[in-house]
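# Remarks on the overall topology
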Amino acid sequence: MKTALTIAGSDSGGGAGIQADLKTFSAHGVFGMSAITAVTAQNTMEVRSVQPIETAIISDQIAAIFEDIPVDAVKIGMLGSKEIVETVASSLKTFMPAIVILDPVMISKSGHHLLDEKAVSALKMELLPLATLVTPNVPEAEVLTGFAIRTKQDFYRACISIQEMGPKAVLLKGGHAAGNPNDLFYDGTDFHWIKGERIHTKNTHGTGCTLSSAITSNLANGLPLQVSIEQAKTYISEAIRNSFSIGKGHGPVHHFHSYSKKERSDLL
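Here is a short report on the structure shown in this document. (Residues numbered from 1 in each chain as written. Predicted model: local features only at pLDDT ≥ 70, side-chain atom pairs only at ≥ 80, totals over all residues. Heavy atoms only, no water.)

Helices and strands together make up the secondary structure of the protein, namely nine helices and nine strands. Over its C-alpha trace the protein gives a radius of gyration of 17 Å, about what one expects of a compact globule, namely 18 Å for 268 residues. If one aligns the C-alpha atoms of the protein with their principal axes, the spans along those axes are about 45 × 45 × 40 Å. A burial count over the protein gives 53% of its 268 residues as buried. Pairs at least 24 apart in sequence give 66% of the contacts found in the protein among residues at least 6 apart. (Helix = DSSP H or I, 4+ residues; strand = E, 2+ residues; numbered from the N terminus. Rg over C-alpha atoms; globule rule 2.2 N^0.38 Å. Buried < 20%, exposed > 50% of the residue type's maximum accessible area, 1.4 Å probe, protein only. Contact = heavy atoms within 4.5 Å.)

Take a look at the structure:
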(Lines give C-alpha, C1' and ligand atoms only; values in the text may rest on other atoms or scores of the structure.)
Protein backbone atom coordinates (compact mmCIF):
# COMPACT_ATOMS: atom_id res chain seq x y z
CA MET A 1 0.00 0.00 0.00
CA LYS A 2 1.21 3.50 -0.83
CA THR A 3 1.51 6.04 1.97
CA ALA A 4 1.05 9.78 2.45
CA LEU A 5 1.86 12.11 5.33
CA THR A 6 -0.19 15.22 6.09
CA ILE A 7 1.51 18.00 8.03
CA ALA A 8 -1.36 20.26 9.01
CA GLY A 9 -3.72 21.51 11.69
CA SER A 10 -6.53 19.59 13.33
CA ASP A 11 -10.15 20.65 12.64
CA SER A 12 -12.37 19.73 15.58
CA GLY A 13 -15.38 19.95 13.24
CA GLY A 14 -13.95 17.15 11.09
CA GLY A 15 -14.43 18.80 7.70
CA ALA A 16 -11.00 20.24 6.98
CA GLY A 17 -7.40 19.92 8.15
CA ILE A 18 -5.89 16.55 8.96
CA GLN A 19 -9.34 15.01 9.33
CA ALA A 20 -10.18 15.84 5.70
CA ASP A 21 -6.71 14.79 4.56
CA LEU A 22 -6.87 11.37 6.19
CA LYS A 23 -10.37 10.72 4.85
CA THR A 24 -9.20 11.66 1.36
CA PHE A 25 -6.14 9.42 1.57
CA SER A 26 -8.37 6.51 2.64
CA ALA A 27 -10.83 7.17 -0.17
CA HIS A 28 -7.92 6.82 -2.61
CA GLY A 29 -6.57 3.60 -1.09
CA VAL A 30 -3.55 5.34 0.45
CA PHE A 31 -2.38 4.77 4.04
CA GLY A 32 -2.47 8.13 5.79
CA MET A 33 -0.23 9.46 8.55
CA SER A 34 -0.22 12.86 10.26
CA ALA A 35 1.98 15.39 11.98
CA ILE A 36 -0.24 17.92 13.73
CA THR A 37 0.94 21.55 13.65
CA ALA A 38 -1.97 23.14 15.52
CA VAL A 39 -5.21 22.28 17.27
CA THR A 40 -8.17 24.44 16.28
CA ALA A 41 -11.51 24.87 18.04
CA GLN A 42 -13.54 24.95 14.86
CA ASN A 43 -16.95 24.10 13.45
CA THR A 44 -18.86 24.82 10.24
CA MET A 45 -19.31 28.49 11.21
CA GLU A 46 -16.02 29.66 12.69
CA VAL A 47 -12.49 29.08 13.87
CA ARG A 48 -12.95 29.91 17.54
CA SER A 49 -9.37 29.52 18.70
CA VAL A 50 -6.03 28.06 17.64
CA GLN A 51 -3.34 26.41 19.77
CA PRO A 52 -0.03 25.91 17.92
CA ILE A 53 1.89 22.75 18.74
CA GLU A 54 5.43 23.12 20.12
CA THR A 55 7.98 22.93 17.31
CA ALA A 56 9.93 20.15 19.03
CA ILE A 57 6.80 17.97 19.02
CA ILE A 58 6.17 18.77 15.35
CA SER A 59 9.69 17.78 14.31
CA ASP A 60 9.46 14.64 16.48
CA GLN A 61 6.19 13.63 14.81
CA ILE A 62 7.73 13.99 11.36
CA ALA A 63 10.93 12.18 12.32
CA ALA A 64 9.04 9.35 14.00
CA ILE A 65 7.22 8.65 10.76
CA PHE A 66 10.14 8.96 8.34
CA GLU A 67 12.45 6.87 10.51
CA ASP A 68 9.98 3.97 10.51
CA ILE A 69 7.56 4.12 7.58
CA PRO A 70 8.31 4.80 3.89
CA VAL A 71 6.59 8.04 2.87
CA ASP A 72 5.52 8.16 -0.78
CA ALA A 73 4.16 11.72 -0.67
CA VAL A 74 3.74 14.64 1.73
CA LYS A 75 0.91 17.15 1.88
CA ILE A 76 1.40 20.38 3.86
CA GLY A 77 -1.56 22.43 5.07
CA MET A 78 -1.99 24.87 7.95
CA LEU A 79 1.26 25.90 9.62
CA GLY A 80 0.37 29.07 11.51
CA SER A 81 3.68 30.64 12.47
CA LYS A 82 7.15 31.46 11.18
CA GLU A 83 8.68 29.03 13.66
CA ILE A 84 6.47 26.16 12.50
CA VAL A 85 7.18 26.93 8.83
CA GLU A 86 10.91 26.81 9.54
CA THR A 87 10.58 23.60 11.56
CA VAL A 88 8.69 21.81 8.79
CA ALA A 89 11.14 23.07 6.15
CA SER A 90 14.09 21.83 8.22
CA SER A 91 12.48 18.39 8.61
CA LEU A 92 11.80 18.11 4.88
CA LYS A 93 15.39 19.06 4.10
CA THR A 94 16.51 16.28 6.43
CA PHE A 95 14.32 13.52 5.01
CA MET A 96 13.98 14.75 1.40
CA PRO A 97 10.60 13.26 0.36
CA ALA A 98 10.20 12.88 -3.39
CA ILE A 99 6.74 14.50 -3.54
CA VAL A 100 5.65 17.56 -1.54
CA ILE A 101 2.27 19.21 -2.13
CA LEU A 102 1.98 22.59 -0.42
CA ASP A 103 -1.47 24.04 0.22
CA PRO A 104 -0.63 27.53 1.56
CA VAL A 105 -3.49 27.82 4.06
CA MET A 106 -3.75 31.48 5.06
CA ILE A 107 -7.40 32.40 5.66
CA SER A 108 -10.28 30.20 6.83
CA LYS A 109 -13.70 30.29 5.14
CA SER A 110 -14.99 32.29 8.10
CA GLY A 111 -12.27 34.90 7.55
CA HIS A 112 -9.91 33.85 10.37
CA HIS A 113 -6.27 34.62 9.45
CA LEU A 114 -4.21 31.46 9.89
CA LEU A 115 -0.78 32.71 8.77
CA ASP A 116 0.82 36.00 9.83
CA GLU A 117 3.12 38.21 7.73
CA LYS A 118 6.38 36.79 9.08
CA ALA A 119 5.12 33.26 8.44
CA VAL A 120 4.19 34.13 4.85
CA SER A 121 7.70 35.43 4.26
CA ALA A 122 9.22 32.26 5.73
CA LEU A 123 6.88 30.09 3.64
CA LYS A 124 8.05 31.86 0.47
CA MET A 125 11.72 31.56 1.39
CA GLU A 126 11.84 28.13 3.05
CA LEU A 127 8.97 25.94 1.82
CA LEU A 128 8.06 27.01 -1.71
CA PRO A 129 11.46 25.88 -3.08
CA LEU A 130 10.83 22.39 -1.64
CA ALA A 131 7.39 21.95 -3.22
CA THR A 132 6.55 19.68 -6.11
CA LEU A 133 3.29 21.62 -6.45
CA VAL A 134 1.77 24.59 -4.62
CA THR A 135 -2.03 25.00 -4.68
CA PRO A 136 -3.10 28.53 -3.69
CA ASN A 137 -6.59 29.94 -4.16
CA VAL A 138 -6.92 33.49 -5.49
CA PRO A 139 -6.70 35.30 -2.10
CA GLU A 140 -3.65 33.24 -1.14
CA ALA A 141 -2.00 33.86 -4.51
CA GLU A 142 -2.62 37.59 -4.06
CA VAL A 143 -0.79 37.46 -0.71
CA LEU A 144 2.10 35.53 -2.27
CA THR A 145 2.45 37.77 -5.33
CA GLY A 146 1.40 41.13 -3.90
CA PHE A 147 -1.00 41.99 -6.73
CA ALA A 148 -4.72 41.62 -7.44
CA ILE A 149 -5.87 38.67 -9.55
CA ARG A 150 -9.00 39.41 -11.56
CA THR A 151 -8.47 38.46 -15.22
CA LYS A 152 -7.11 35.43 -17.07
CA GLN A 153 -3.93 37.38 -17.72
CA ASP A 154 -3.62 37.92 -13.97
CA PHE A 155 -3.87 34.14 -13.50
CA TYR A 156 -1.01 33.56 -15.96
CA ARG A 157 1.10 36.29 -14.38
CA ALA A 158 0.48 34.97 -10.85
CA CYS A 159 1.43 31.41 -11.78
CA ILE A 160 4.70 32.59 -13.31
CA SER A 161 5.44 34.80 -10.30
CA ILE A 162 4.81 32.00 -7.79
CA GLN A 163 6.72 29.39 -9.79
CA GLU A 164 9.72 31.71 -9.84
CA MET A 165 9.71 31.52 -6.02
CA GLY A 166 10.88 27.92 -6.28
CA PRO A 167 8.13 25.29 -6.59
CA LYS A 168 8.29 22.97 -9.58
CA ALA A 169 4.66 23.67 -10.49
CA VAL A 170 1.66 25.79 -9.52
CA LEU A 171 -2.08 25.12 -9.47
CA LEU A 172 -3.95 28.41 -9.09
CA LYS A 173 -7.49 27.53 -8.01
CA GLY A 174 -10.37 29.50 -9.51
CA GLY A 175 -13.09 28.91 -6.94
CA HIS A 176 -13.04 32.56 -5.84
CA ALA A 177 -13.25 33.87 -9.41
CA ALA A 178 -16.47 34.65 -11.27
CA GLY A 179 -18.06 31.94 -13.42
CA ASN A 180 -17.04 28.30 -13.32
CA PRO A 181 -14.19 27.39 -10.93
CA ASN A 182 -11.53 26.71 -13.55
CA ASP A 183 -8.02 26.16 -12.20
CA LEU A 184 -4.79 27.07 -13.99
CA PHE A 185 -1.95 24.56 -13.86
CA TYR A 186 1.55 25.76 -14.73
CA ASP A 187 4.37 23.22 -14.87
CA GLY A 188 7.09 25.79 -15.39
CA THR A 189 6.83 25.53 -19.16
CA ASP A 190 3.22 25.12 -20.25
CA PHE A 191 -0.17 26.27 -18.98
CA HIS A 192 -3.20 23.97 -18.73
CA TRP A 193 -6.71 25.03 -17.71
CA ILE A 194 -8.42 22.41 -15.54
CA LYS A 195 -12.13 22.98 -16.12
CA GLY A 196 -14.64 22.91 -13.27
CA GLU A 197 -18.36 23.26 -12.72
CA ARG A 198 -19.90 25.71 -10.27
CA ILE A 199 -22.02 23.62 -7.90
CA HIS A 200 -24.44 25.81 -5.98
CA THR A 201 -24.18 24.76 -2.35
CA LYS A 202 -22.92 26.37 0.85
CA ASN A 203 -21.42 23.04 1.92
CA THR A 204 -17.83 23.53 0.81
CA HIS A 205 -15.92 23.25 4.09
CA GLY A 206 -12.57 21.56 3.50
CA THR A 207 -12.50 21.80 -0.30
CA GLY A 208 -8.92 23.11 -0.45
CA CYS A 209 -7.59 20.51 1.96
CA THR A 210 -9.43 17.75 0.15
CA LEU A 211 -8.26 18.75 -3.34
CA SER A 212 -4.60 18.96 -2.35
CA SER A 213 -4.85 15.64 -0.50
CA ALA A 214 -6.46 13.99 -3.52
CA ILE A 215 -3.58 15.23 -5.69
CA THR A 216 -1.12 13.90 -3.09
CA SER A 217 -2.87 10.52 -3.09
CA ASN A 218 -2.84 10.25 -6.87
CA LEU A 219 0.86 11.07 -7.00
CA ALA A 220 1.58 8.54 -4.24
CA ASN A 221 -0.25 5.99 -6.38
CA GLY A 222 2.10 6.71 -9.26
CA LEU A 223 0.02 8.92 -11.55
CA PRO A 224 1.67 11.80 -13.48
CA LEU A 225 1.20 15.30 -12.07
CA GLN A 226 -1.31 16.67 -14.57
CA VAL A 227 -3.38 13.47 -14.48
CA SER A 228 -3.28 13.57 -10.67
CA ILE A 229 -4.65 17.11 -10.73
CA GLU A 230 -7.37 16.33 -13.28
CA GLN A 231 -8.57 13.28 -11.38
CA ALA A 232 -8.47 15.20 -8.09
CA LYS A 233 -10.57 17.96 -9.65
CA THR A 234 -13.20 15.40 -10.65
CA TYR A 235 -13.08 13.89 -7.16
CA ILE A 236 -13.59 17.19 -5.33
CA SER A 237 -16.38 18.21 -7.70
CA GLU A 238 -18.32 15.05 -6.86
CA ALA A 239 -17.48 15.44 -3.15
CA ILE A 240 -19.06 18.92 -3.27
CA ARG A 241 -22.03 17.68 -5.29
CA ASN A 242 -22.69 15.04 -2.61
CA SER A 243 -21.80 17.29 0.35
CA PHE A 244 -23.49 17.16 3.75
CA SER A 245 -25.80 19.72 5.38
CA ILE A 246 -24.17 19.23 8.76
CA GLY A 247 -24.01 22.18 11.15
CA LYS A 248 -25.31 25.72 10.82
CA GLY A 249 -22.60 27.05 8.49
CA HIS A 250 -20.56 25.60 5.62
CA GLY A 251 -21.09 21.85 5.78
CA PRO A 252 -18.38 19.34 4.81
CA VAL A 253 -17.82 17.69 1.45
CA HIS A 254 -18.41 13.95 1.05
CA HIS A 255 -15.01 12.24 0.97
CA PHE A 256 -16.44 8.75 0.39
CA HIS A 257 -18.99 9.66 -2.28
CA SER A 258 -17.70 7.05 -4.74
CA TYR A 259 -18.44 4.13 -2.41
CA SER A 260 -21.75 2.36 -1.95
CA LYS A 261 -23.62 2.88 1.30
CA LYS A 262 -22.39 -0.46 2.67
CA GLU A 263 -18.79 0.21 1.60
CA ARG A 264 -18.91 3.64 3.25
CA SER A 265 -20.18 2.15 6.53
CA ASP A 266 -17.35 -0.42 6.42
CA LEU A 267 -14.78 2.35 5.91
CA LEU A 268 -16.18 4.50 8.69
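Okay, the nonpolar core next. Grouped together as the largest cluster of nonpolar side chains are 42 residues, with contacts concentrated most on I7, I76, L79, V88 and L127. Ignoring anything within four residues of it in the chain, the contact list for L79 reads I7, T37, I84, V85, V88, L115, L123 and L127. Among the nonpolar cores identified, the runner-up in size contains 23 residues, and A169, L171, I194 and I236 belong to it. (Core = buried A, V, L, I, M, F, W, Y, C linked by side-chain atoms within 4.5 Å.)

Here we come to the side chain of H205. By the secondary structure assignment, H205 is in the loop between strand 9 (191-194) and helix 7 (207-220). H205 gets classed as buried once you look at its relative accessible area, which sits at 9%. Side-chain polar atoms of H205 contact the side chain of D11, separated by 2.9 Å. (Polar contact = N/O pair within 3.5 Å; in protein donor to acceptor, adjacent residues only side chain to side chain.)

What the second largest pocket holds in volume is close to 210 Å³. Lining the second largest pocket are 14 residues, with K23, F244, P252, V253 and H255 sitting closest to its centre. When grouped by side-chain class, the residues that make up the lining of the second largest pocket number six nonpolar, seven polar and one charged. (1 Å grid on protein atoms, 1.4 Å probe; cavity = no way out; pocket = protein on both sides within 12 Å on 5 of 7 lines; lining within 4 Å. Points joined across faces, edges and corners; volume = space filled by probe spheres on them. Nonpolar A, V, L, I, M, F, W, Y, C, P; charged D, E, K, R; others polar.)

Topologically, I149 is positioned in the loop between helix 5 (138-145) and helix 6 (152-163). For I149, the contacting residues outside a window of four places in its chain are V138, A141, E142, D154, F155, A158 and L172.

This part takes up helix 8 (residues 225-241). Working note: α-helix, 3.6 residues per turn, so residues spaced by three or four point in the same direction. The end-to-end C-alpha distance of helix 8, which contains 17 residues, comes to 24 Å, matching closely the 24 Å that a straight helix rising 1.5 Å per residue would cover. Tucked into the core, helix 8 has its buried residues touching helix 1 (17-27), strand 6 (133-134), strand 7 (169-172), strand 8 (183-186), strand 9 and helix 7. (Expected span 1.5 Å × (residues − 1).)

Time to look at the sheet that holds strand 6. The nine strands lie next to each other as 3-2-1-4-5-6-7-8-9, forming an open sheet whose pairing is mixed. Either end of the sheet is taken by a strand with one partner, and the two such strands are strand 3 (47-52) and strand 9. In terms of strand pairing, strand 5 (residues 100-102) meets strand 6 through two bridges, oriented parallel. Bridged to I101 within strand 6 is L133. (Pairing = 2+ DSSP bridges.)

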